[in-house]
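Working through the structure, step by step
Below are the chains, spelled out letter by letter.
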Amino acid sequence: MAALAATGAFAQVTLTGNVDVGLRAVGVSNNSAKDLSYITHNNSSTSAIFFTVKEDLGGGTAANFFAEADFAPAKNALQNSSTTNNGYSYSGGFFNSEVYVGLNGGFGDIKLGAPNSPALTAGTTSHPFGTALGGGYSDSFGRLGANANVGINGYSGQASTARIIRNERAAVYTSPTFSGFSGQLEFANKNNNASVVTTTSTANGTNATGNNNGIMGLALKYNQGPLNAIYYHGEVTGGGASGTISSAGALTLNGILQGTKVKYDIFGANYTVGAVTGYAGYTKTKSNQTAAPSATITDREDSKSMNLAVKYAVNGNLDLLANRISRKHNVAEVTTYYANGGTSTLTGLGADYKLSKRTNVYYRYERAGNVNTLGTAANGYGNVTIQALGLRHQF
């Protein structure tokens, strides 16, 4: 392999990764059962292996391939989707997360496949917790959409908490940077042909009976000096009557009815002065859907959230993190997470201590207030507190 690589016939291949495992403790304010604690993963970051391939085409242009394989380091066996013990379920190929092939050069950057959405960048620009505990992307909170039936289930991500991660069968274009400014365009085709629910996940989107929501997103970014900011506007348009693929690989009916739209506005910014970085964020979800795709969802979605966060680098080894989010929605029928018409809050605290450039010890605290802890509207609203202490290693 070394001899072949020396001929220059092969592109440069890089293998990197991240492993995050720790002890997590969960408490529920109005739960008669005892609190629980267990060893788990991804308390502060996603455990994954990253494959990066790059080929220099000359003239400042390069071809690239990126593929991410997420895994569960606290479990040495994968669970199938029928298990009831909260096991992980992976369907499809080995690369089960972000994957794309692309070109970049003086014209900008184009990614084809399942690249991360600019909306994910907008969300994580507003705080230092990423998509892990403390950032509002957790299963018990979520900042965008209140229910899968009116949410963005065309995206890959947890539909019920409406986390925008990426869209399958998509293209993302990023313009060159001019005086700190750049733009992004995200697009996925809509297909209205489906008239019946297809029976296999492999058929979805690959033939005339496949169905997909349409995705169109625009982002404006500024990154220069101490300021980093992004604004994203996205629209999801319902395709035909039958399903998108859920995270477990099963087909489900479209939550967004044909021709209706869900619109998303996300703003995130951070500013660094010395050892302190301040963050701010805003999200808005609005649907024009009035007909009900299910018996329990009849309202138009209209929800908003705001947050303020800070990161303080105490010294070269220790970072302290804090985040505060408030979220309000108008959907009367939703009982999964939020009190009817009420305001839910999330407080996130964290600390990262660097043992080396690649190994950290971390602590995370997350308290979701006024959320539905019991899964029912009656006496179900309370607080969920999560604490985690763990070890993160990058290679």
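Our structure's up above, just so we're on the same page.
Residues numbered from 1 in each chain as written. Predicted model: local features only at pLDDT ≥ 70, side-chain atom pairs only at ≥ 80, totals over all residues. Heavy atoms only, no water.

Secondary structure assignment for the protein yields two helices and 21 strands. A buried classification covers 43% of the 395 residues belonging to the protein. Counting only contacts in the protein whose residues sit at least 6 apart along the sequence, the fraction spanning at least 24 positions is 59%. Carbon and sulfur atoms form 58% of the exposed surface of the protein, whose accessible area is close to 18,600 Å². (Helix = DSSP H or I, 4+ residues; strand = E, 2+ residues; numbered from the N terminus. Buried < 20%, exposed > 50% of the residue type's maximum accessible area, 1.4 Å probe, protein only. Contact = heavy atoms within 4.5 Å. Areas by Shrake-Rupley, 256 points an atom, 1.4 Å probe, with all protein chains shown as cover.)

Turning next to a nonpolar patch on the surface. A surface patch of nonpolar side chains, amounting to about 350 Å² of accessible area, comprises Val 276, Val 310, Tyr 312, Val 314 and Leu 320. Within the secondary structure, Leu 320 sits in strand β18 (residues 318-328). (Patch = residues over 30% accessible without salt bridge, like charges linked within 9 Å, V, L, I, M, F, W, Y side chains within 5 Å. Salt bridge = Lys/Arg side-chain N within 4 Å of Asp/Glu carboxyl O.)

Ala 119, Ala 122, Leu 144, Ile 164, Tyr 232, Tyr 264 and Ile 266 are the most contacted members of the largest nonpolar core, which has 14 residues in total. Counting eleven residues, the second-largest nonpolar core is a separate cluster that includes Leu 133, Leu 346, Val 371 and Ile 386. (Core = buried A, V, L, I, M, F, W, Y, C linked by side-chain atoms within 4.5 Å.)

Moving on: the side chain of Asn 42. With respect to the helices and strands, Asn 42 occurs in the loop between β2 (36-41) and β3 (48-58). Polar contacts involving the side chain of Asn 42 include one to the main-chain amide nitrogen of Ser 47, which spans 2.9 Å. (Polar contact = N/O pair within 3.5 Å; in protein donor to acceptor, adjacent residues only side chain to side chain.)

With that settled, the discussion passes to the environment of Lys 357. Considering the arrangement of structural elements, one finds Lys 357 in the loop between β19 (343-354) and β20 (359-372). For Lys 357, a relative accessible area of 84% corresponds to the exposed category. Through-space distance from the C-alpha of Lys 357 to that of His 393 is 9.2 Å; in sequence the pair is 36 residues apart.

Scanning the entire structure with this criterion turns up three salt bridges. With a closest N to O distance of 3.2 Å, Asp 352 and Arg 364 form a salt bridge. Of this pair, Asp 352 sits in strand β19 while Arg 364 sits in strand β20; the two residues are twelve residues apart in sequence, bridging distant segments of the chain. Note that Arg 392 is salt-bridged to Asp 352, the shortest N-O span being 3.7 Å. Here Arg 392 is found in strand β21 (residues 381-394), whereas its partner Asp 352 is found in strand β19, with 40 residues between them in sequence.

The subject of this paragraph is the packing of aromatic side chains. The final tally for this structure, using the stated rule, is three aromatic pairs. Geometrically, the ring pair formed by Phe 50 and Phe 66 is stacked, given 6.0 Å between the ring centres and 25 degrees between the ring planes. Here Phe 50 is found in strand β3, whereas its partner Phe 66 is found in strand β4 (residues 61-70), with 16 residues between them in sequence. Judged by relative accessible area, Phe 66 falls into the buried class, the value being 13%. (Phe/Tyr/Trp six-rings, centres within 6.5 Å; stacked < 30°, edge-to-face > 60°.)

Attention shifts here to the environment of Asn 360. Here Asn 360 is to be found in strand β20. Given the relative accessible area of 10%, Asn 360 is considered buried. Asn 360 sits 31 residues away from Leu 391 along the chain, and the two C-alpha atoms are 5.9 Å apart. Discounting chain neighbours no more than four positions away, the residues touching Asn 360 are Asp 352, Tyr 353, Lys 354, Leu 355, Gly 390, Leu 391 and Arg 392.

Regular strands place side chains that alternate from one sheet face to the opposite one. Bridge count between strand β1 (residues 12-28) and β3: seven bridges; the pairing is antiparallel. Within β3, the residue paired with Thr 16 across the bridge is Phe 50. Both β1 and β21 contribute to a ladder of eleven bridges, which runs antiparallel. Pairing of Gly 22 across the sheet is with Gly 390, part of β21. (Pairing = 2+ DSSP bridges.)

Coordinates in, geometry out; function isn't part of it.
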